[in-house]
Number of protein chains: 2
Amino acid sequence: MSPSALPYRPHNHDACVAQALTEARSICQQHNARLTPTRERVLELIWQSHKPLGAYDILAVLAEDGHNAAPPTVYRALDFLQQYGLVHRIASLNAFIGCTHAGKSHSGMFLICRSCSNVLELTAPGVASAVNTAAAEESFRPDDVTIEVSGYCPGCTSDTPHD
Amino acid sequence: MSPSALPYRPHNHDACVAQALTEARSICQQHNARLTPTRERVLELIWQSHKPLGAYDILAVLAEDGHNAAPPTVYRALDFLQQYGLVHRIASLNAFIGCTHAGKSHSGMFLICRSCSNVLELTAPGVASAVNTAAAEESFRPDDVTIEVSGYCPGCTSDTPHD
DNA sequence: TTGCTAATGTTATAATGTTGCAAATTTCAC
DNA sequence: GTGAAATTTGCAACATTATAACATTAGCAA
Ligand SMILES: [Zn+2]
Ligand SMILES: [Zn+2]
Ligand SMILES: [Zn+2]
Ligand SMILES: [Zn+2]
């Protein structure tokens, strides 16, 4: 078994954020897309932890920033970031999380801890192929696959839930 | 390849509804749960087609019925029906669909057609086991699995989208 | 009856997400 | 550089989805 994944153990999270921002800049440059200050700030906020963040949570922080922002500001930034695969929306939570596989084409699977709220994004090729097989048997042509697993992470399966 | 699944071809849908209601009565009886008129009516409305229905759509029909209903009425009925596995919520649509495997314990996978909106619920044991394997590799204990696949159904892959 | 519990009614409000248009900024051809 | 075109942002209003809190009613049993 692999060692605990990042979200589940102490780590230098500033490095996570820095790397995410660096990659985002690079990806946007490749696509001639403009990672404007607002968009970058939203991405940074989403990466403030490995827990998903709601649009209105983001909005509240922007307000603290002194940024005079309304909901469309946030949703537009989120749309942009999703478009370039920099963040994912977790449908079962109405919240957003930074993509840990930005750039690489992937169909994510999300492990959502009910106790500590941390989310781990996996690539899970086995799952993707099983889904495609099942869909093919019904002659269904998949376009977008949502896989969200709620449960308990390694840290929270034991009796002492993590933060 | 199997022939087209029910939602994708003409069929006697009244039979779908009748069977769903019969099974629901039986399941509720087994659990000493009361399938009250409101709950039964909501279930019937959800089964009016193989397309998912929003809570406020249900509310509107109840109003036409002359039923003086407010949102909590609908959401409470939906909670009840979900609790006994009679309907599922489709997170990516904020909508509800009748369960086609009521009674049998199952972890569903939903094929959602972008064109005609019909939803097919599959059992897909291969997918379930792939998800469990992937989760186990991260020492994650799954509790609830959401798998929603948006795409195009057999009828809508061709150039003439179905209703 | 009486008293208990589950279910429903009612009002208000919270949380999430969108539309439409005007103003500002950036891009790019000239 | 200058000006038109396109992108991005500000802003106000609105739409949709879901819940909280508390009163009332229906079902059921002692
Ligand atoms: Zn990702
Ligand atoms: Zn946890
Ligand atoms: Zn049918
Ligand atoms: Zn279709």
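An unreviewed UniProt entry lists chain A under the name Ferric uptake regulation protein, with Marinobacter iranensis given as the organism. Word for word, the UniProt comment on chain A under Sequence similarities (unreviewed entry) is "Belongs to the Fur family." Its UniProt record gives chain A the following Subcellular location (unreviewed entry) comment, quoted word for word: "Cytoplasm".

Peer 1: Would you mind showing me how to read the coordination of the zinc ion (ligand 1) here?
Peer 2: Geometry sets the ideal angles at a metal, namely 109.5 degrees for four tetrahedral donors and 90 or 180 degrees for six octahedral donors. Residues and elements named next belong to chain A. Taken together, the protein donors to the zinc ion (ligand 1) comprise His88 (NE2), Cys99 (SG), His106 (NE2) and Glu121 (OE), at separations of 1.8 to 2.2 Å. Each of the four donor atoms around the zinc ion (ligand 1) contributes to a set of angles spanning 96 to 136°, which defines the coordination as irregular. If you list the donors of the zinc ion (ligand 1) from N- to C-terminus, the spacing comes out as H-x10-C-x6-H-x14-E. Of this pair, His88 sits in strand E1 (residues 87-90) while His106 sits in the loop between strand E2 (95-98) and strand E3 (109-113); the two residues are 18 residues apart in sequence, bridging distant segments of the chain. According to the relative accessible area criterion, His88 is buried, its value standing at 17%. The exposure class assigned to His106 is partly exposed, which follows from its relative accessible area of 23%.

Peer 1: Teacher, can you tell me more about the protein's contact with DNA strand D here?
Peer 2: Neighbouring residues of DNA strand D: 15 residues in total, closest Thr36(A), Arg76(A), Tyr56(B), Tyr75(B) and Arg89(B). Here a phosphate oxygen of DNA strand D and a side-chain polar atom of Asn68(A) are 2.9 Å apart. Between DNA strand D and Tyr75(B), the relevant distance is 2.9 Å, taken from a phosphate oxygen to a side-chain nitrogen or oxygen of the residue. Where the surface near DNA strand D is concerned, the elements lending two or more residues are helix H4 (71-83) of chain A together with helix H4 (71-83) of chain B.

Peer 1: Is there a simple way to explain the side chain of His13(B) in this structure?
Peer 2: Here His13(B) shows up in helix H1 (residues 13-30). His13(B) has contacts with Trp47(B), Gln48(B), Ser49(B) and His50(B), leaving out every residue within four places of it along the chain.

Peer 1: Any chance you could explain the packing of aromatic side chains here in plain terms?
Peer 2: For any pair of aromatic rings, the description rests on two quantities: the centre-to-centre distance and the angle between the ring planes. All names here are of chain A. This structure, assessed with the given rule, holds four aromatic pairs over all chains. Centroid distance Tyr56 to Tyr75: 6.4 Å. Interplanar angle 65°. Geometry classified as edge-to-face. Of this pair, Tyr56 sits in helix H3 (residues 55-64) while Tyr75 sits in helix H4, and the two are 19 residues apart along the sequence. A residue is classified by how much of its surface remains accessible, and Tyr56, at 52% relative accessible area, is exposed. When the ring centre of Phe80 is taken as reference, the NZ or CZ atom of Arg39 above it lies at 3.9 Å.

Peer 1: I tried to follow the environment of Glu23(B) on my own but got confused; where do I start?
Peer 2: All names here are of chain B. Take Glu23: it is sitting in helix H1. For the pair Glu23 and Tyr152, spaced 129 residues apart in the sequence, the C-alpha separation amounts to 30 Å. Setting aside anything within four residues of it in sequence, one finds Glu23 in contact with Ala102 and Lys104.

Peer 1: How do you make sense of helix H2 (residues 37-46) of chain A when you look at a structure like this?
Peer 2: Every α-helix carries 3.6 residues per turn, so stepping three or four residues along brings you back to the same face. Residue and element names in this part refer to chain A. Within the span of H2, buried status applies to Val42, Leu43, Leu45 and Ile46. In an axial view of H2, the angular spread of the buried residues amounts to 160°, which keeps them on one side of the axis. Tucked into the core, H2 has its buried residues touching helix H1 (13-30), H3, H4, E1 and E2.

Peer 1: Where do I start with the nonpolar core in this structure?
Peer 2: Across soluble globular proteins, nonpolar side chains have a tendency to be buried as a group. Within the largest apolar cluster, 38 residues are counted, with the highest numbers of intra-cluster contacts made by Met109(A), Leu111(A), Val127(A), Met109(B), Leu111(B) and Val127(B). Not counting residues up to four positions away in its chain, the partners in contact with Met109(A) are Leu120(A), Glu121(A), Leu122(A), Ala124(A), Val127(A), Ile147(A), Val149(A), Val131(B), Ala134(B) and Ala135(B).

Reading the values: rules and limits
- Each chain carries its own residue numbering, running from 1 in the direction its sequence is written.
- Ligands are numbered from 1 and chains lettered from A, in the order in which they are written.
- Given that the model is predicted, a residue must reach a pLDDT of at least 70 before its local features are reported, and side-chain atom pairs must reach 80 or more before they are shown or counted; all residues, however, enter totals for whole chains, interfaces and linings.
- For the side-chain quantities, the full set of heavy atoms in the structure was used; hydrogens and water were omitted.
- UniProt positions are given in the numbering used here, feature names are shortened, and annotations may be inferred rather than shown by experiment.
- Donor atoms (N, O, S) are those found within 2.8 Å of the metal centre, with the cutoff raised to 3.2 Å for Na, K and Ca; water is not part of the atom list, so apparent gaps in a site can occur.
- Angle rules define the geometry names used: all angles between 85 and 135 degrees makes four donors tetrahedral, while opposite donors over 155 degrees apart and all other angles between 65 and 115 make four donors square planar and six octahedral, leaving every other case irregular.
- Each helix corresponds to a stretch of at least 4 residues labelled H or I by DSSP, and each strand to a stretch of at least 2 residues labelled E; elements are numbered beginning at the N terminus.
- When a residue's accessible area, from a 1.4 Å probe over protein chains only, is under 20% of the maximum for its type it is buried; when over 50% it is exposed; and in between it is partly exposed.
- When we say a residue is near a molecule or strand, we mean one of its heavy atoms is within 4 Å of it.
- The definition of a polar contact used here is a pair of N or O atoms within 3.5 Å, where within protein one atom must be able to donate a hydrogen and the other to accept one, and adjacent residues in sequence count solely through side-chain atom pairs.
- Any two residues having at least one pair of non-hydrogen atoms within 4.5 Å are treated as being in contact.
- Pairs were defined over the aromatic rings of Phe, Tyr and Trp, the Trp ring being its six-membered one, requiring ring centres within 6.5 Å. Orientation was assigned from the angle between planes: stacked under 30 degrees, edge-to-face over 60, tilted for the rest.
- Any Lys NZ or Arg CZ found within 6 Å of a ring centre and within 35 degrees of that ring's normal is scored as a charge over the ring.
- Directions from the helix axis toward the C-beta atoms define the arc.
- Nine residue types can take part in a nonpolar core, namely buried Ala, Val, Leu, Ile, Met, Phe, Trp, Tyr and Cys, and a core is a set of them joined through side-chain atoms within 4.5 Å.

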